[in-house]
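So you can see what is in the structure, the chains are spelled out below.
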Amino acid sequence: MNYIYSIISTGKNFYGDTDPVALAEEFGTPLYVYNENILRKRCRDLKGLISYDKFVVNYSPKANSNLELLKIIRDEGLRADAMSPGEIFLNLKAGYQPGEILYICNNVGEDEFLYAIQSGVNISVDSLSQLEMFGKLNPGGEVAFRLNPGVGAGHHEKVRTAGSKTKFGIEMKLVPHVKKLLKEYNLKLIGINQHIGSLFLTGEAYLRSTVNILKVAREFEELEFIDLGGGFGIPYKKQAKEERLDLRDLGKKLSDRIAKWTAGYGKKIEFMIEPGRYIVAESSILLGRVNAVKSNYGIKYIGTDIGFNVLVRPAMYDSHHDIEIYRKEGEPSDHEETVRIVGNICETGDIIAKDRKLPELFEKDIIGILDSGAYGFSMSSNYNNRLRPAEVLVEANGNCRLIRRRDTLEDLAGKFVE
Ligand code: LLP
């Protein structure tokens, strides 16, 4: 095997007993390949974040909701959050009890509230308006609310979900109104949650936001949990040796704060986090095939079958994903060049990597898009009526197993009513 450029996956033995070219041949491309060992390791990293016996990690399945992966994550002892009835449904299918699911909803209608209430999951509301709707539907019930602690974080403004430029959460100054509505509908406030944004690589903003949520939480006497949110980042630039988030340091500071707060509150309640990306991102490499190589006005384009319907992050947020190259036969690439890696979708913005220096690529090469497990498949679509890809799992024993079949052409027609 002539792998050309595969330091990261080789270092992790990512492909177990198989190899990417064989996987591409067997299952076709584009193909999401997951590694069970890495997934389990990332679950354990975060379970060990805080030393507090009522510490809970709620996995956020918006990052990836493949049922087989959810089952592994559940097996590692994580619980779950949900953002939609679909995520509640999938969590239940993965084996979670309703009480293990926190439904953090945003601008939902009565029907969705009723689905959640009847499912028996815990529910957090995101505005006074929604608290009132919930109160009318379920007077005397239990509820949580999402606080906007005024501090945001994240890799792009589109994913910063606290502070003054976002639709999310209830502002701290509105807490008296929350109290009024709780009283009016005889609701018991069992939790407060926040989520300040997605992907931070230093803990500074997360820690700052906890000061605010802990302050607000002191005003409520019957809390059963405080949820500090997700957002834990991973290093996407591994080939450039980007540093990991220092979990030990962040965990120690959080543990100290929680211990202090708990002493003041007088009882031990659950403390939660709700990571998505950190758990699944590094467990997947997306395989694609080079179909065409061309030059247009001085730019060399590498045309692949990975359109933004398969992985939208680079097109949507200018996100960086490292790229590997796998080649079974043929000459090794003896020089590097700057290329634009693109997909097969009808838009100029269909770019996976803009100006990337890589060893020379040729038609039929297999490329691997690293760290594609979070917001990869879950944001994929049938745009251009392309088929959503298959997913395979490299199991802990090194074997490989299909965990979602590729769409078929019939699937494209299947949702229409005759
Ligand atoms: N909790 C709530 C309420 C959230 O909205 C999110 C993510 C999470 C938890 C999990 O955040 P994480 O730990 O994965 O950062 N599509 C974007 C990321 C969007 C995140 C949306 N909310 C991306 O590909 O970067």
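Here, every reference points to the structure presented above.
Residues numbered from 1 in each chain as written. Predicted model: local features only at pLDDT ≥ 70, side-chain atom pairs only at ≥ 80, totals over all residues. Heavy atoms only, no water.

Colleague: Give a description of the overall build of the protein that names residues and reports values.
Modeller: Across its full length, the protein holds 13 helices and 19 strands. Its C-alpha atoms give the protein principal-axis dimensions of roughly 70 × 55 × 45 Å. Looking at the protein alone, contacts between residues at least 24 apart form 71% of all its contacts between residues at least 6 apart. Here the protein has roughly 18,500 Å² of accessible surface; of this, 49% comes from carbon and sulfur atoms. (Helix = DSSP H or I, 4+ residues; strand = E, 2+ residues; numbered from the N terminus. Contact = heavy atoms within 4.5 Å. Areas by Shrake-Rupley, 256 points an atom, 1.4 Å probe, with all protein chains shown as cover.)

Colleague: Tell me what's going on with the site of the ligand, and back it up with residues and numbers.
Modeller: Among the 19 residues in the neighbourhood of the ligand, the closest are listed as His155, Ser198, Glu274, Arg313 and Tyr375. By residue class, the composition of the shell around the ligand is 6 nonpolar, 7 polar and 6 charged. Each of domain 1 (2–34 + 282–413) and domain 2 (36–281) contributes no fewer than three residues to the shell around the ligand. (Near = heavy atom within 4 Å. Nonpolar A, V, L, I, M, F, W, Y, C, P; charged D, E, K, R; others polar. Domains from an automatic or database assignment.)

Colleague: Tell me what's going on with the pattern of salt bridges, and back it up with residues and numbers.
Modeller: Enumeration according to the criterion identifies 29 salt bridges in this entry. Its salt-bridge partner being Asp45, residue Arg42 comes within 2.6 Å of it at the nearest N-O pair. With Arg42 and Asp45 both in helix H3 (residues 36–47) and 3 residues apart, this pair spans about one turn of that helix. For Arg42, a relative accessible area of 11% translates into the label buried. Residue classification places Asp45 among the buried positions, given a relative accessible area of 18%. Note that Lys188 is salt-bridged to Glu224, the shortest N-O span being 3.1 Å. Within this pair, whereas Lys188 is found in strand E9 (residues 188–193), its partner Glu224 is found in the loop between helix H9 (204–217) and strand E10 (225–227), the two being separated by 36 residues in sequence. (Salt bridge = Lys/Arg side-chain N within 4 Å of Asp/Glu carboxyl O. Buried < 20%, exposed > 50% of the residue type's maximum accessible area, 1.4 Å probe, protein only.)

Colleague: So what's going on with H9? Which residues, and what values?
Modeller: The terminal C-alpha atoms of H9, which comprises 14 residues, lie 20 Å apart, in line with the 20 Å expected from a rise of 1.5 Å per residue. With respect to burial, H9 is a largely interior element, 10 of its 14 residues being buried. Burial in H9 covers these residues: Ala205, Tyr206, Leu207, Ser209, Thr210, Asn212, Ile213, Leu214, Val216 and Ala217. Taken together, the buried residues of H9 touch strand E7 (142–148), helix H8 (175–184), E9, E10, helix H10 (247–265) and strand E11 (270–273). (Expected span 1.5 Å × (residues − 1).)

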